[in-house]
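Here is what each chain is made of, one letter per residue.
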Amino acid sequence: MREWDVAECAAFGHTPKQALRGALAASTIAFTAFAEGRAEAMFGLVVTNALCGQGSPWMLGTEAIYAHPRAMIGMGPRWVRTMAAMAPCLSGQVAAANLRAIRLLRAWGFTVGEVPSARGSVLFVPFEKETANV
């Protein structure tokens, strides 16, 4: 798993395996990204408020996903549309120093906040996307 994913999991008190299993169990929808026949990333959506259409997307992966940047950026809009059909208001948190993840979120049309908040020793910034018109 990517170093920042491990750090983010730890900030929430989970091992990577616990975080992945918990996220999968709580998700309304989840995906696995394969590269060369190996599962290199898993991501999905936890609907946090169905009545208000709010959800929290998540992704945990290995460094191998960065070997396929065009694929990750290109498939993102389709994944976001799929999640938006279930929760048009998407939001979450990402480690402020996780610059690769922040670039990917921005490429997928998310707005990343500037004001960090601490969770343990990790500073997080919020990200969001209002997808009501997707």
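What counts and what doesn't
- Residues numbered from 1 in each chain as written.
- Predicted model: local features only at pLDDT ≥ 70, side-chain atom pairs only at ≥ 80, totals over all residues.
- Heavy atoms only, no water.
- Helix = DSSP H or I, 4+ residues; strand = E, 2+ residues; numbered from the N terminus.
- Polar contact = N/O pair within 3.5 Å; in protein donor to acceptor, adjacent residues only side chain to side chain.
- Contact = heavy atoms within 4.5 Å.
- Core = buried A, V, L, I, M, F, W, Y, C linked by side-chain atoms within 4.5 Å.
- Buried < 20%, exposed > 50% of the residue type's maximum accessible area, 1.4 Å probe, protein only.
- 1 Å grid on protein atoms, 1.4 Å probe; cavity = no way out; pocket = protein on both sides within 12 Å on 5 of 7 lines; lining within 4 Å.
- Points joined across faces, edges and corners; volume = space filled by probe spheres on them.
- Nonpolar A, V, L, I, M, F, W, Y, C, P; charged D, E, K, R; others polar.

Asker: Could you give an account of the side chain of S27, naming the residues involved and the relevant values?
Answerer: Here S27 lies in the loop between α2 (16-26) and β1 (29-35). There is a polar contact of 2.6 Å between the side chain of S27 and the backbone oxygen of A23. Contact partners of S27, with chain neighbours within four places excluded, come to G44, L45, V46 and W58.

Asker: Pulling in residues and values, what's your account of the nonpolar core?
Answerer: M72, W79, L90, V94, W108 and F110 are the most contacted members of the largest nonpolar core, which totals 24 residues. Looking at this core, the elements that each hand over two or more residues are β1, β2 (38-49), α3 (69-84), β4 (89-95), α4 (99-107) and β7 (122-130). With residues near it in sequence (within four places) discarded, L90 still touches L45, G55, P57, V80, M83, F110, F127, E128, K129 and T131. If you look at the next biggest cluster of nonpolar residues, it comprises 5 residues, including A19, A23, W58 and L60.

Asker: Please give an account of the layout of surface pockets that cites residues and values.
Answerer: Reported here for the largest pocket is a volume of approximately 790 Å³. Along the wall of the largest pocket there are 31 residues; nearest its centre are E8, P57, W58, M59 and Q93. Residue assignment for the lining of the largest pocket shows that the elements contributing at least two residues are α1 (3-11), α2, β2, β3 (54-61), β4, α4 and β7. It is β3 that contributes the most residues to the lining of the largest pocket, 5 residues altogether. Per-class residue counts for the lining of the largest pocket are 19 nonpolar, 9 polar and 3 charged. Computed from the structure, the second largest pocket encloses a volume of approximately 180 Å³. Around the second largest pocket, the lining residues are I65, Y66, P69, M72, I73, R100, R103, L104 and A107. Those elements that place two or more of their residues in the lining of the second largest pocket are α3 and α4.

Asker: Which residues make up the environment of L60, and what values go with them?
Answerer: In this structure, L60 sits in strand β3. Taking the relative accessible area as the measure of exposure, L60 reaches 11% and is therefore buried. With 18 residues separating them along the chain, L60 and M42 place their C-alpha atoms 5.5 Å apart. Apart from the residues within four sequence positions on either side, L60 is in contact with M1, R2, D5, C9, A19, L20, A41 and M42.

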